[in-house]
Amino acid sequence: MTTTWKVSLPCTRAEADMLAEDQLFIAGSDSTPTIVASERDSKRPDEWIIDVYCQFEPDTALIDNLLQLSPSAEAAAFEPIVEMLDDEDWVTLSQQGLEPLRAGRFHVHTSSDMPSDDPKLTNLCIDAGQAFGTGHHETTMGCLHSLDRLKRTGHRFRNIADVGTGTGLLAFAAYHLWPDAKLVASDIDPIAVAVTEENCQLNTIAMGNGRGQIRILQSNGLDHPALEQRAPYDLIIANILAGPLVGLAPQIAAAASAGTVLILAGLLARQKAEVVSAYLRQGFRLRHTRLEDEWPCLTLVKAKKYGPVRQPKRKKSPLAPDYFGEI
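Conventions we followed
- Residues numbered from 1 in each chain as written.
- Predicted model: local features only at pLDDT ≥ 70, side-chain atom pairs only at ≥ 80, totals over all residues.
- Heavy atoms only, no water.
- Helix = DSSP H or I, 4+ residues; strand = E, 2+ residues; numbered from the N terminus.
- Buried < 20%, exposed > 50% of the residue type's maximum accessible area, 1.4 Å probe, protein only.
- Contact = heavy atoms within 4.5 Å.
- Areas by Shrake-Rupley, 256 points an atom, 1.4 Å probe, with all protein chains shown as cover.
- Pairing = 2+ DSSP bridges.
- Patch = residues over 30% accessible without salt bridge, like charges linked within 9 Å, V, L, I, M, F, W, Y side chains within 5 Å.
- Salt bridge = Lys/Arg side-chain N within 4 Å of Asp/Glu carboxyl O.
- Lys, Arg positive; Asp, Glu negative; His and termini not counted.
- Charge placed at Lys NZ, Arg CZ, Asp CG, Glu CD.
- Axes fitted to C-alpha atoms, helices over the stretch in contact; angles between N-to-C directions.
- Parallel < 35°, antiparallel > 145°, perpendicular 65-115°, else oblique.
- Left-handed = near helix turned anticlockwise from the far one by under 90°.
- Nonpolar A, V, L, I, M, F, W, Y, C, P; charged D, E, K, R; others polar.
- Polar contact = N/O pair within 3.5 Å; in protein donor to acceptor, adjacent residues only side chain to side chain.
- Phe/Tyr/Trp six-rings, centres within 6.5 Å; stacked < 30°, edge-to-face > 60°.
- Lys NZ or Arg CZ within 6 Å of the ring centre and 35° of its normal.

K.L.:
Describe the overall build of the protein chain, with residues and values.
P.N.:
Broken down by element type, the protein chain carries eleven helices and 14 strands. In the protein chain, which comprises 327 residues, the proportion classed as buried is 49%. Looking at the protein chain alone, contacts between residues at least 24 apart form 68% of all its contacts between residues at least 6 apart. With the model as given, the accessible surface of the protein chain reaches about 16200 Å², and the carbon-plus-sulfur share is 49%.

K.L.:
Go over the pairing of strand β14 (residues 295–302), please, and point to the residues and values.
P.N.:
Most of β14 sits inside the fold, with eight of its eight residues counted as buried. Burial along β14 is two-sided: Trp295, Cys297, Thr299 and Val301 facing one way and Pro296, Leu298, Leu300 and Lys302 facing the other are all buried. Of the pairings in the sheet, the one linking strand β12 (residues 256–265) to β14 comprises four bridges and is antiparallel in character. Residue pairing in the sheet places isoleucine 263 in a bridge with threonine 299 of β14. The pairing of strand β13 (residues 284–292) with β14 spans eight bridges and is antiparallel. Of the residues in β14, the one forming a bridge with leucine 291 is proline 296. Connecting β13 to the next strand, β14, in antiparallel fashion are two residues, including aspartate 293 with a positive phi near 60 degrees.

K.L.:
Tell me about a negative patch on the surface, residues and numbers included.
P.N.:
Taken together, the side chains of Glu57, Asp59, Asp64 and Glu74 present a region of like negative charge at the surface. In this fold, aspartate 59 is placed in the loop between β3 (47–54) and α2 (60–69). Judged by its relative accessible area of 37%, aspartate 59 is partly exposed.

K.L.:
Tell me what's going on with the sheet that holds strand β5 (residues 101–103), and back it up with residues and numbers.
P.N.:
Here we have three strands laid out as an open sheet, ordered β5-β6-β7, and mixed in their pairing. Sheet topology places β5 and β7 (122–125) at the edges, where each strand pairs with a single neighbour. Here the strands of the sheet are splayed against their neighbours by 25 degrees on average, with no regard to which way each runs. Against the sheet, helix α6 (residues 169–177) makes contact with β6 (106–109) and β7, and its axis sits at roughly 150 degrees relative to β7, the strand it touches most.

K.L.:
How would you explain the packing of helix α5 (residues 138–152) against α6 if you had to name every residue and give the values?
P.N.:
Contact geometry of α5 with α6 gives a least axis separation of 10 Å together with a crossing angle of 15 degrees. In terms of axis orientation, α5 runs roughly parallel to α6. The way α5 lies across α6 gives a crossing that is right-handed. Facing Thr140, Cys143, Leu144, Leu147, Asp148 and Lys151 of α5, the residues of α6 in contact are Leu169, Leu170, Ala173 and Leu177. The residue makeup of the contact of α5 with α6, split by class, is seven nonpolar, one polar and two charged.

K.L.:
Can you lay out the environment of threonine 139 for me, pointing to particular residues and giving the numbers?
P.N.:
Secondary-structure assignment places threonine 139 in helix α5. A relative accessible area of 8% places threonine 139 in the buried class. Put simply, threonine 139 and glutamate 294 are 155 residues apart on the chain and 9.4 Å apart in space, counted from C-alpha to C-alpha. Discounting chain neighbours no more than four positions away, the residues touching threonine 139 are Asn239, Ala265, Gly266 and Trp295. In terms of polar contacts, threonine 139 uses its side chain to reach the side chain of asparagine 239, at 3.4 Å.

K.L.:
Requested: an account of the environment of threonine 167, with residues and values cited.
P.N.:
Assignment of secondary structure puts threonine 167 in the loop between β8 (159–163) and α6. Relative accessible area serves as the criterion here: at 1%, threonine 167 is assigned to the buried category. Through-space distance from the C-alpha of threonine 167 to that of glutamate 197 is 8.6 Å; in sequence the pair is 30 residues apart.

K.L.:
Quick rundown of the side chain of threonine 165? Include the residues and the values.
P.N.:
Relative to the helices and strands, threonine 165 resides in the loop between β8 and α6. On the basis of relative accessible area, threonine 165 is assigned to the buried category, the value being 7%. In this structure the side chain of threonine 165 is engaged in a polar contact, spanning 2.7 Å, whose partner is the side chain of aspartate 162. Sequence-distant contacts of threonine 165, defined by excluding residues within four places in its chain, comprise Ala171, Ala185, Ser186, Asp187 and Thr196.

K.L.:
Could you give an account of the packing of aromatic side chains, naming the residues involved and the relevant values?
P.N.:
Two aromatic rings are characterised by how far apart their centres lie and by the angle between their planes. According to the stated counting rule, one finds two aromatic pairs in the structure shown. On the basis of an interplanar angle of 80 degrees and a centroid distance of 4.9 Å, the ring pair of phenylalanine 157 and tryptophan 178 is categorised as edge-to-face. Of this pair, phenylalanine 157 sits in the loop between α5 and β8 while tryptophan 178 sits in the loop between α6 and β9 (182–187), and the two are 21 residues apart along the sequence. Both residues of the pair, phenylalanine 157 and tryptophan 178, belong to the buried class. Ring plane angle 70 degrees and centroid distance 5.8 Å describe the contact between tyrosine 279 and phenylalanine 284, whose orientation is recorded as edge-to-face. Here tyrosine 279 matches phenylalanine 284 in class, with each residue buried. Sitting over the ring of phenylalanine 284, lysine 302 keeps its end group 5.6 Å from the ring centre.

As C-alpha coordinates, then:
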(Lines give C-alpha, C1' and ligand atoms only; values in the text may rest on other atoms or scores of the structure.)
Protein backbone atom coordinates (compact mmCIF):
# COMPACT_ATOMS: atom_id res chain seq x y z
CA MET A 1 0.00 0.00 0.00
CA THR A 2 1.37 3.43 -0.86
CA THR A 3 1.23 6.66 1.09
CA THR A 4 -1.89 8.70 0.44
CA TRP A 5 -2.31 12.44 0.97
CA LYS A 6 -5.65 14.00 1.81
CA VAL A 7 -6.70 17.61 1.27
CA SER A 8 -10.01 18.81 2.75
CA LEU A 9 -12.06 21.98 2.63
CA PRO A 10 -15.72 22.89 3.14
CA CYS A 11 -18.13 23.55 0.30
CA THR A 12 -21.83 24.08 -0.30
CA ARG A 13 -24.19 21.37 -1.57
CA ALA A 14 -24.42 23.17 -4.92
CA GLU A 15 -20.63 23.21 -5.25
CA ALA A 16 -20.44 19.52 -4.37
CA ASP A 17 -23.02 18.71 -7.05
CA MET A 18 -20.85 20.33 -9.71
CA LEU A 19 -17.77 18.26 -8.95
CA ALA A 20 -16.16 15.88 -11.39
CA GLU A 21 -12.62 14.57 -11.38
CA ASP A 22 -11.73 16.17 -14.70
CA GLN A 23 -12.35 19.61 -13.22
CA LEU A 24 -9.06 19.39 -11.31
CA PHE A 25 -5.94 20.02 -13.41
CA ILE A 26 -2.50 19.29 -12.00
CA ALA A 27 0.35 20.05 -14.37
CA GLY A 28 3.00 17.37 -14.60
CA SER A 29 1.15 14.91 -12.36
CA ASP A 30 1.43 11.18 -13.12
CA SER A 31 -1.40 10.32 -10.75
CA THR A 32 -4.98 11.53 -11.04
CA PRO A 33 -6.39 12.61 -7.69
CA THR A 34 -9.70 11.25 -6.50
CA ILE A 35 -12.31 13.78 -5.41
CA VAL A 36 -14.97 12.83 -2.88
CA ALA A 37 -17.74 15.18 -1.73
CA SER A 38 -19.81 14.25 1.30
CA GLU A 39 -22.40 15.72 3.64
CA ARG A 40 -20.94 16.85 6.97
CA ASP A 41 -24.13 16.86 9.05
CA SER A 42 -27.58 15.65 7.99
CA LYS A 43 -29.08 18.47 10.08
CA ARG A 44 -27.19 21.00 7.95
CA PRO A 45 -27.87 19.80 4.40
CA ASP A 46 -26.06 22.69 2.69
CA GLU A 47 -22.77 22.08 4.51
CA TRP A 48 -20.61 19.61 2.61
CA ILE A 49 -16.91 18.84 2.49
CA ILE A 50 -14.53 18.13 -0.39
CA ASP A 51 -11.81 15.54 0.22
CA VAL A 52 -9.11 15.04 -2.40
CA TYR A 53 -6.91 11.94 -2.18
CA CYS A 54 -3.64 11.71 -4.10
CA GLN A 55 -0.43 9.72 -4.01
CA PHE A 56 1.90 12.72 -3.99
CA GLU A 57 2.38 15.60 -1.59
CA PRO A 58 -0.03 18.44 -2.50
CA ASP A 59 1.68 21.50 -3.88
CA THR A 60 0.55 25.10 -4.33
CA ALA A 61 -0.90 24.39 -7.78
CA LEU A 62 -3.15 21.65 -6.39
CA ILE A 63 -4.31 23.82 -3.51
CA ASP A 64 -5.11 26.71 -5.86
CA ASN A 65 -7.11 24.44 -8.17
CA LEU A 66 -8.91 22.86 -5.25
CA LEU A 67 -10.01 26.28 -4.00
CA GLN A 68 -11.53 26.95 -7.42
CA LEU A 69 -13.83 23.97 -6.83
CA SER A 70 -15.21 25.67 -3.71
CA PRO A 71 -15.69 29.40 -4.34
CA SER A 72 -17.39 29.73 -0.95
CA ALA A 73 -14.27 28.48 0.86
CA GLU A 74 -12.04 30.70 -1.28
CA ALA A 75 -14.22 33.73 -0.51
CA ALA A 76 -13.95 32.97 3.20
CA ALA A 77 -10.14 32.70 2.88
CA PHE A 78 -10.30 29.15 4.22
CA GLU A 79 -7.00 27.26 4.30
CA PRO A 80 -7.41 23.65 3.15
CA ILE A 81 -6.44 20.98 5.67
CA VAL A 82 -3.59 18.78 4.39
CA GLU A 83 -2.74 15.46 6.02
CA MET A 84 -0.77 12.34 5.20
CA LEU A 85 -2.39 8.91 5.54
CA ASP A 86 0.36 6.33 5.91
CA ASP A 87 -0.32 2.94 4.30
CA GLU A 88 -4.07 3.40 4.41
CA ASP A 89 -6.62 2.11 1.94
CA TRP A 90 -8.85 5.17 2.37
CA VAL A 91 -11.84 3.81 0.44
CA THR A 92 -11.88 0.65 2.51
CA LEU A 93 -11.67 2.67 5.71
CA SER A 94 -14.47 4.95 4.58
CA GLN A 95 -16.73 1.94 3.98
CA GLN A 96 -16.01 0.04 7.20
CA GLY A 97 -18.99 -0.50 9.47
CA LEU A 98 -21.56 -0.46 6.68
CA GLU A 99 -24.71 -2.25 7.68
CA PRO A 100 -26.40 -4.75 5.32
CA LEU A 101 -29.20 -3.20 3.31
CA ARG A 102 -32.37 -4.32 1.57
CA ALA A 103 -33.38 -2.99 -1.85
CA GLY A 104 -36.27 -4.80 -3.48
CA ARG A 105 -35.36 -8.50 -3.52
CA PHE A 106 -31.68 -7.77 -2.89
CA HIS A 107 -29.80 -8.12 0.39
CA VAL A 108 -26.46 -6.35 0.04
CA HIS A 109 -23.76 -7.09 2.62
CA THR A 110 -19.99 -7.35 3.08
CA SER A 111 -18.11 -10.57 3.82
CA SER A 112 -18.02 -9.47 7.47
CA ASP A 113 -21.78 -9.91 7.66
CA MET A 114 -23.89 -13.01 7.32
CA PRO A 115 -26.03 -13.35 4.19
CA SER A 116 -29.78 -13.36 4.64
CA ASP A 117 -31.43 -16.76 5.09
CA ASP A 118 -34.68 -15.46 3.60
CA PRO A 119 -35.29 -17.58 0.47
CA LYS A 120 -37.13 -14.67 -1.13
CA LEU A 121 -34.01 -12.47 -1.05
CA THR A 122 -30.97 -12.50 -3.32
CA ASN A 123 -27.69 -12.01 -1.46
CA LEU A 124 -25.03 -9.79 -3.01
CA CYS A 125 -21.68 -9.64 -1.20
CA ILE A 126 -19.78 -6.45 -1.95
CA ASP A 127 -16.60 -5.93 0.07
CA ALA A 128 -15.17 -2.49 0.68
CA GLY A 129 -12.32 -1.81 -1.70
CA GLN A 130 -10.74 0.83 -3.88
CA ALA A 131 -13.90 1.46 -5.91
CA PHE A 132 -17.26 3.00 -5.15
CA GLY A 133 -20.65 1.34 -5.23
CA THR A 134 -21.54 -0.60 -2.08
CA GLY A 135 -25.26 0.05 -2.58
CA HIS A 136 -25.57 2.45 0.30
CA HIS A 137 -25.89 5.57 -1.82
CA GLU A 138 -29.38 6.64 -2.90
CA THR A 139 -28.47 6.38 -6.60
CA THR A 140 -27.49 2.72 -6.31
CA MET A 141 -30.54 1.97 -4.17
CA GLY A 142 -32.74 3.56 -6.83
CA CYS A 143 -31.16 1.41 -9.55
CA LEU A 144 -31.62 -1.79 -7.53
CA HIS A 145 -35.28 -0.97 -6.94
CA SER A 146 -35.76 -0.07 -10.62
CA LEU A 147 -34.18 -3.32 -11.80
CA ASP A 148 -36.36 -5.26 -9.38
CA ARG A 149 -39.42 -3.41 -10.71
CA LEU A 150 -38.61 -4.36 -14.30
CA LYS A 151 -38.41 -8.01 -13.29
CA ARG A 152 -41.69 -7.83 -11.35
CA THR A 153 -43.47 -6.31 -14.35
CA GLY A 154 -42.40 -9.19 -16.60
CA HIS A 155 -39.55 -7.65 -18.59
CA ARG A 156 -36.97 -9.99 -20.11
CA PHE A 157 -33.53 -9.01 -21.35
CA ARG A 158 -30.96 -10.94 -23.33
CA ASN A 159 -28.14 -8.41 -23.80
CA ILE A 160 -27.27 -6.07 -20.92
CA ALA A 161 -24.62 -3.38 -20.40
CA ASP A 162 -23.68 -1.74 -17.09
CA VAL A 163 -21.72 1.43 -17.89
CA GLY A 164 -19.60 2.79 -15.03
CA THR A 165 -19.96 -0.39 -13.01
CA GLY A 166 -17.87 0.62 -9.96
CA THR A 167 -17.85 -2.50 -7.78
CA GLY A 168 -20.05 -4.45 -10.20
CA LEU A 169 -23.08 -4.40 -7.89
CA LEU A 170 -25.71 -3.43 -10.49
CA ALA A 171 -24.29 -5.85 -13.03
CA PHE A 172 -24.56 -8.62 -10.41
CA ALA A 173 -28.16 -7.68 -9.69
CA ALA A 174 -29.00 -7.89 -13.41
CA TYR A 175 -27.14 -11.22 -13.59
CA HIS A 176 -29.43 -12.71 -10.94
CA LEU A 177 -32.60 -11.24 -12.43
CA TRP A 178 -31.91 -12.42 -15.99
CA PRO A 179 -29.49 -15.37 -15.65
CA ASP A 180 -29.70 -16.34 -19.34
CA ALA A 181 -28.59 -12.92 -20.59
CA LYS A 182 -25.23 -11.85 -21.97
CA LEU A 183 -23.88 -9.12 -19.71
CA VAL A 184 -21.00 -6.68 -19.96
CA ALA A 185 -19.79 -4.38 -17.17
CA SER A 186 -17.41 -1.53 -17.94
CA ASP A 187 -15.66 1.26 -16.09
CA ILE A 188 -13.11 3.91 -17.04
CA ASP A 189 -11.18 3.21 -13.82
CA PRO A 190 -8.82 0.18 -13.96
CA ILE A 191 -9.14 -0.20 -10.17
CA ALA A 192 -12.91 -0.53 -10.52
CA VAL A 193 -12.39 -3.20 -13.18
CA ALA A 194 -10.09 -5.16 -10.84
CA VAL A 195 -12.51 -4.79 -7.91
CA THR A 196 -15.42 -5.99 -10.07
CA GLU A 197 -13.44 -9.07 -11.06
CA GLU A 198 -12.69 -9.79 -7.40
CA ASN A 199 -16.35 -9.34 -6.49
CA CYS A 200 -17.36 -11.70 -9.29
CA GLN A 201 -15.29 -14.41 -7.62
CA LEU A 202 -16.66 -13.48 -4.20
CA ASN A 203 -20.22 -13.94 -5.51
CA THR A 204 -19.37 -17.03 -7.60
CA ILE A 205 -20.42 -15.25 -10.79
CA ALA A 206 -18.98 -16.60 -14.02
CA MET A 207 -16.88 -14.24 -16.13
CA GLY A 208 -16.86 -14.62 -19.90
CA ASN A 209 -18.59 -13.80 -23.19
CA GLY A 210 -21.44 -16.28 -23.11
CA ARG A 211 -24.95 -16.24 -21.73
CA GLY A 212 -25.06 -16.42 -17.96
CA GLN A 213 -21.64 -14.76 -17.78
CA ILE A 214 -20.31 -11.24 -17.23
CA ARG A 215 -17.59 -9.72 -19.38
CA ILE A 216 -15.67 -6.96 -17.58
CA LEU A 217 -13.96 -4.23 -19.58
CA GLN A 218 -12.11 -0.98 -19.04
CA SER A 219 -13.74 1.60 -21.28
CA ASN A 220 -14.49 5.30 -21.48
CA GLY A 221 -18.24 5.11 -21.90
CA LEU A 222 -19.11 2.66 -24.67
CA ASP A 223 -16.17 3.33 -26.97
CA HIS A 224 -14.47 -0.04 -26.45
CA PRO A 225 -14.60 -2.12 -29.66
CA ALA A 226 -16.03 -5.11 -27.78
CA LEU A 227 -18.87 -2.97 -26.41
CA GLU A 228 -19.64 -1.61 -29.87
CA GLN A 229 -19.55 -5.09 -31.41
CA ARG A 230 -21.99 -6.52 -28.88
CA ALA A 231 -24.57 -3.74 -29.43
CA PRO A 232 -27.47 -3.20 -29.65
CA TYR A 233 -28.36 -3.84 -26.02
CA ASP A 234 -31.89 -4.33 -24.77
CA LEU A 235 -31.01 -3.02 -21.27
CA ILE A 236 -28.42 -0.37 -20.46
CA ILE A 237 -27.62 0.80 -16.92
CA ALA A 238 -25.59 3.96 -16.25
CA ASN A 239 -25.18 5.18 -12.68
CA ILE A 240 -22.57 7.92 -12.96
CA LEU A 241 -22.92 11.75 -12.85
CA ALA A 242 -25.28 14.15 -14.60
CA GLY A 243 -22.57 15.71 -16.78
CA PRO A 244 -21.21 12.41 -18.13
CA LEU A 245 -24.76 11.12 -18.60
CA VAL A 246 -25.54 14.06 -20.87
CA GLY A 247 -22.26 13.64 -22.74
CA LEU A 248 -22.83 9.90 -23.22
CA ALA A 249 -26.33 10.30 -24.68
CA PRO A 250 -25.23 9.89 -28.34
CA GLN A 251 -23.05 6.86 -27.50
CA ILE A 252 -25.81 5.19 -25.52
CA ALA A 253 -28.36 5.89 -28.26
CA ALA A 254 -26.02 4.33 -30.84
CA ALA A 255 -25.79 1.20 -28.68
CA ALA A 256 -29.58 0.95 -28.37
CA SER A 257 -32.38 -0.13 -30.67
CA ALA A 258 -36.15 0.32 -30.65
CA GLY A 259 -37.46 -0.89 -27.30
CA THR A 260 -34.14 -0.71 -25.45
CA VAL A 261 -34.72 0.06 -21.76
CA LEU A 262 -32.32 2.54 -20.16
CA ILE A 263 -31.78 3.13 -16.43
CA LEU A 264 -30.00 6.37 -15.54
CA ALA A 265 -28.89 7.52 -12.09
CA GLY A 266 -26.28 9.70 -10.43
CA LEU A 267 -28.18 12.94 -11.01
CA LEU A 268 -29.97 15.24 -8.58
CA ALA A 269 -33.63 16.19 -8.92
CA ARG A 270 -32.69 19.66 -10.18
CA GLN A 271 -30.56 18.06 -12.95
CA LYS A 272 -33.35 15.80 -14.18
CA ALA A 273 -34.67 18.15 -16.87
CA GLU A 274 -31.25 18.52 -18.52
CA VAL A 275 -30.55 14.79 -18.52
CA VAL A 276 -34.02 13.82 -19.79
CA SER A 277 -33.82 16.46 -22.51
CA ALA A 278 -30.51 15.03 -23.76
CA TYR A 279 -32.09 11.58 -24.14
CA LEU A 280 -35.34 12.86 -25.63
CA ARG A 281 -33.22 14.30 -28.44
CA GLN A 282 -31.76 10.83 -28.98
CA GLY A 283 -35.17 9.18 -29.32
CA PHE A 284 -35.72 7.95 -25.78
CA ARG A 285 -38.93 8.49 -23.84
CA LEU A 286 -39.20 8.72 -20.05
CA ARG A 287 -41.35 5.94 -18.61
CA HIS A 288 -40.76 5.97 -14.87
CA THR A 289 -38.98 7.94 -12.14
CA ARG A 290 -38.07 6.62 -8.71
CA LEU A 291 -36.93 9.24 -6.20
CA GLU A 292 -34.56 8.35 -3.36
CA ASP A 293 -34.27 11.49 -1.24
CA GLU A 294 -33.12 14.07 -3.84
CA TRP A 295 -31.70 11.47 -6.25
CA PRO A 296 -34.01 10.35 -9.08
CA CYS A 297 -33.51 7.09 -10.94
CA LEU A 298 -34.90 7.33 -14.47
CA THR A 299 -36.24 4.52 -16.62
CA LEU A 300 -36.45 5.37 -20.32
CA VAL A 301 -37.26 3.44 -23.49
CA LYS A 302 -35.96 3.96 -27.03
CA ALA A 303 -38.91 4.79 -29.26
CA LYS A 304 -39.59 2.86 -32.47
CA LYS A 305 -39.91 6.03 -34.49
CA TYR A 306 -39.05 9.49 -33.43
CA GLY A 307 -38.54 12.99 -34.71
CA PRO A 308 -38.53 16.40 -33.05
CA VAL A 309 -40.20 16.21 -29.66
CA ARG A 310 -43.48 18.09 -29.75
CA GLN A 311 -44.15 20.55 -26.97
CA PRO A 312 -46.72 19.08 -24.56
CA LYS A 313 -49.81 20.93 -23.47
CA ARG A 314 -49.33 23.37 -20.63
CA LYS A 315 -50.93 21.07 -18.07
CA LYS A 316 -48.64 18.20 -19.00
CA SER A 317 -44.91 18.04 -18.29
CA PRO A 318 -42.58 16.10 -20.62
CA LEU A 319 -40.84 14.94 -17.46
CA ALA A 320 -43.92 13.48 -15.81
CA PRO A 321 -43.98 9.66 -15.97
CA ASP A 322 -47.59 9.57 -17.17
CA TYR A 323 -46.82 11.77 -20.18
CA PHE A 324 -45.21 8.92 -22.08
CA GLY A 325 -46.86 6.15 -20.09
CA GLU A 326 -45.50 3.83 -17.43
CA ILE A 327 -43.22 0.88 -18.01
